[in-house]
Amino acid sequence: MNHDFWKTLHGWLNVAHSDDIQAKKRVLLEMHRQISDPGLRSDIQRILRLMDRELLARAEWAMYCVMQLR
């Protein structure tokens with residue numbers, strides 16, 4: 001996967017709704033189970049880690065905002 005792909009992915013992660021990220025994550029997990037190419041599996045794992053990191057950051061930000069309202 002080239003540099004443009006990763007730039008596009010990062011851009012999408014910044015604007016995508018959490019539900020959309022979760023849906024794509026499920027698709028990627030299914031693909032990961034079916035693919036045997038080590039390079040492609042590695043790329044999918046990297047994408048999944050980026051998705052998890054984004055979802056965790058959003059959850060932490062939401063918790064911070066809730067704590068500030070108290």
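Everything that follows concerns the structure shown earlier in this document.
Now for a description of the structure that goes with this document.

Each value, and the rule that gives it
- Residues numbered from 1 in each chain as written.
- Predicted model: local features only at pLDDT ≥ 70, side-chain atom pairs only at ≥ 80, totals over all residues.
- Heavy atoms only, no water.
- Patch = residues over 30% accessible without salt bridge, like charges linked within 9 Å, V, L, I, M, F, W, Y side chains within 5 Å.
- Areas by Shrake-Rupley, 256 points an atom, 1.4 Å probe, with all protein chains shown as cover.
- Salt bridge = Lys/Arg side-chain N within 4 Å of Asp/Glu carboxyl O.
- Helix = DSSP H or I, 4+ residues; strand = E, 2+ residues; numbered from the N terminus.
- Buried < 20%, exposed > 50% of the residue type's maximum accessible area, 1.4 Å probe, protein only.
- Expected span 1.5 Å × (residues − 1).
- Contact = heavy atoms within 4.5 Å.
- Polar contact = N/O pair within 3.5 Å; in protein donor to acceptor, adjacent residues only side chain to side chain.

**A closer look at a nonpolar patch on the surface**
Residues Met63, Val66 and Met67 make up a contiguous nonpolar surface patch of roughly 280 Å² in combined accessible area. Relative to the assigned elements, Met63 resides in helix α3 (residues 38-69). Look at Met63 and you get exposed, because its relative accessible area is 51%.

**Observations concerning α3**
Between its first and last C-alpha, α3 extends 47 Å over 32 residues, near the 46 Å set by a 1.5 Å rise per residue. Along α3, the positions that sit buried rather than exposed are Asp43, Ile44, Ile47, Leu48, Leu50, Met51, Glu54 and Leu55. Buried-residue contacts for α3 involve α1 (3-15) and α2 (18-34). N-cap assignment for α3: the residue whose side-chain oxygen lies 3.2 Å from the backbone N of Gly39 is Asp37.

Nothing here speaks to function; it is all geometry.
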